[in-house]
Amino acid sequence: MPRNQFQRMVFAFLTVIITVHAYVFYSLYVVNGETLMNITGENSVLHAINAQGGVYMFGKMLPIWAVILIEFCCAYTLECIMGSPCSFKLASKIFDPAKNHPMIFESAIICATVGLMCPAMSFLAAWFYYPYYNDFNIWTLLANWIKLVCFNFPFAFFSQLFFIQPLVRTMFKFFFRKDIAKHSQTEQITA
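Right, let's walk through the structure included here. Computed from a predicted structure; not experimentally measured.

About the criteria used
- Residues numbered from 1 in each chain as written.
- Predicted model: local features only at pLDDT ≥ 70, side-chain atom pairs only at ≥ 80, totals over all residues.
- Heavy atoms only, no water.
- Patch = residues over 30% accessible without salt bridge, like charges linked within 9 Å, V, L, I, M, F, W, Y side chains within 5 Å.
- Areas by Shrake-Rupley, 256 points an atom, 1.4 Å probe, with all protein chains shown as cover.
- Salt bridge = Lys/Arg side-chain N within 4 Å of Asp/Glu carboxyl O.
- Buried < 20%, exposed > 50% of the residue type's maximum accessible area, 1.4 Å probe, protein only.
- Core = buried A, V, L, I, M, F, W, Y, C linked by side-chain atoms within 4.5 Å.
- Helix = DSSP H or I, 4+ residues; strand = E, 2+ residues; numbered from the N terminus.
- Expected span 1.5 Å × (residues − 1).
- Polar contact = N/O pair within 3.5 Å; in protein donor to acceptor, adjacent residues only side chain to side chain.
- Arc of directions from axis to C-beta.
- Contact = heavy atoms within 4.5 Å.
- Axes fitted to C-alpha atoms, helices over the stretch in contact; angles between N-to-C directions.
- Left-handed = near helix turned anticlockwise from the far one by under 90°.
- Nonpolar A, V, L, I, M, F, W, Y, C, P; charged D, E, K, R; others polar.
- Phe/Tyr/Trp six-rings, centres within 6.5 Å; stacked < 30°, edge-to-face > 60°.
- Lys NZ or Arg CZ within 6 Å of the ring centre and 35° of its normal.

This paragraph deals with a nonpolar patch on the surface. Taken together, the side chains of Trp-127, Tyr-132, Phe-136, Ile-138 and Trp-139 define a hydrophobic patch exposed on the protein surface, amounting to about 550 Å² of accessible area. Taking the relative accessible area as the measure of exposure, Trp-127 reaches 32% and is therefore partly exposed.

So, in structure tokens, the structure goes:
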């Protein structure tokens, strides 16, 4: 869909802005919500986060907005440097974008992106949320990484394939509708 570097950067920005919010919500509310409420004795996850003084990251408590900002910066950088270029190359090895239906090729790109980004971001999260108060142990880091991949991969796969990427593609088509229409006219004239 994106045809130049600017469009790729915008597409990555839209994807990451939605994805980071979804994963922070998923991690705090779905995976850790019950634990947070039990520890603090609060009756909602947001109250539990506020009661403990924020979200544990880098060995201290940070506000949710700081967590989202840090994760956004890391995810956007990874998406631009590794996720988008490598996933396109991986999908192109299996499917030919000129011969295969665009939906199949786009789905292959989404699957490759999840396969690359989920372990990479889970590894960063294992560092970010590592229990530094217990001293550092490489085996604890690796165990946390594997646990995060197991929690995040199913959510990443299904949310990207069925919710986030269709939403991002719709938004992208809206923002670049003039360029898409112009490109479609050019393709019709040359065909």
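Okay, back to it.
Turning our eyes to something else, we now look at the nonpolar core. Residues Val-16, Val-20, Val-24, Leu-28, Leu-36, Ile-49 and Val-67 are the most contacted members of the largest nonpolar core, which totals 24 residues. Looking at this core, the elements with two or more residues in it are helix H1 (5–31), helix H2 (33–40), helix H3 (45–51), strand E1 (55–57), helix H4 (64–94) and helix H5 (102–128). Top contributing element to this core by residue count: H4, with 7 residues. Core analysis: the next-biggest nonpolar cluster, separate from the first, contains 9 residues, Phe-11, Leu-14, Val-168 and Phe-176 among them.

One non-glycine residue, Phe-58, lies in positive phi territory at about 60 degrees. One can find Phe-58 in the loop between E1 and strand E2 (60–62).

Further remarks concern H1. For an α-helix, 3.6 residues make a turn, and residues three or four places apart therefore share a direction. With 27 residues, H1 extends 36 Å between its outermost C-alpha atoms, agreeing within 8% with the 39 Å of an ideal straight helix rising 1.5 Å per residue. Two or three places before Phe-6, at the opening of H1, Asn-4 has a side-chain oxygen 3.2 Å from that residue's backbone nitrogen.

For H2, the set of buried residues is Gly-33, Leu-36 and Met-37. Viewed along the axis of H2, the buried residues span an arc of 95 degrees, placing them on a single side of the element. Seen from the buried face of H2, the exposed residues on the opposite side, beyond 90 degrees, are Glu-34, Asn-38 and Ile-39. Residues of H2 that are buried in the fold lie against H1 and H3. Following H2 by one or two positions, Gly-41 has its phi on the positive side, about 80 degrees.

Under the criterion given, the structure shown has 1 salt bridge. Linking Glu-106 and Arg-169 is a salt bridge whose minimum nitrogen-to-oxygen distance equals 3.6 Å. Note that Glu-106 is positioned in helix H5 and Arg-169 in helix H6 (residues 138–175), a separation of 63 residues in sequence. Among the residues examined, Arg-169 registers a relative accessible area of 12% and is labelled buried.

Where H4 contacts H5, the two axes come as close as 8 Å, and the packing angle between them is 145 degrees. Seen along the crossing, H4 lies across H5 with a hand that is right-handed. The residue makeup of the contact of H4 with H5, split by class, is 19 nonpolar, 4 polar and 2 charged.

Its location among the elements puts Thr-19 in helix H1. Engagement of the side chain of Thr-19 in a polar contact is seen with the backbone oxygen of Thr-15, the distance being 2.6 Å.

What follows is about the packing of aromatic side chains. The tally for this structure, following the rule as stated, stands at 22 aromatic pairs. Grouping aromatic residues by their ring pairs yields a cluster made of Phe-123, Trp-127, Tyr-130, Tyr-132, Phe-136 and Trp-145. The ring of Phe-174 carries the charged tip of Arg-177 above its face, separated from the ring centre by 4.4 Å.

Purely geometric numbers; function is a separate question.
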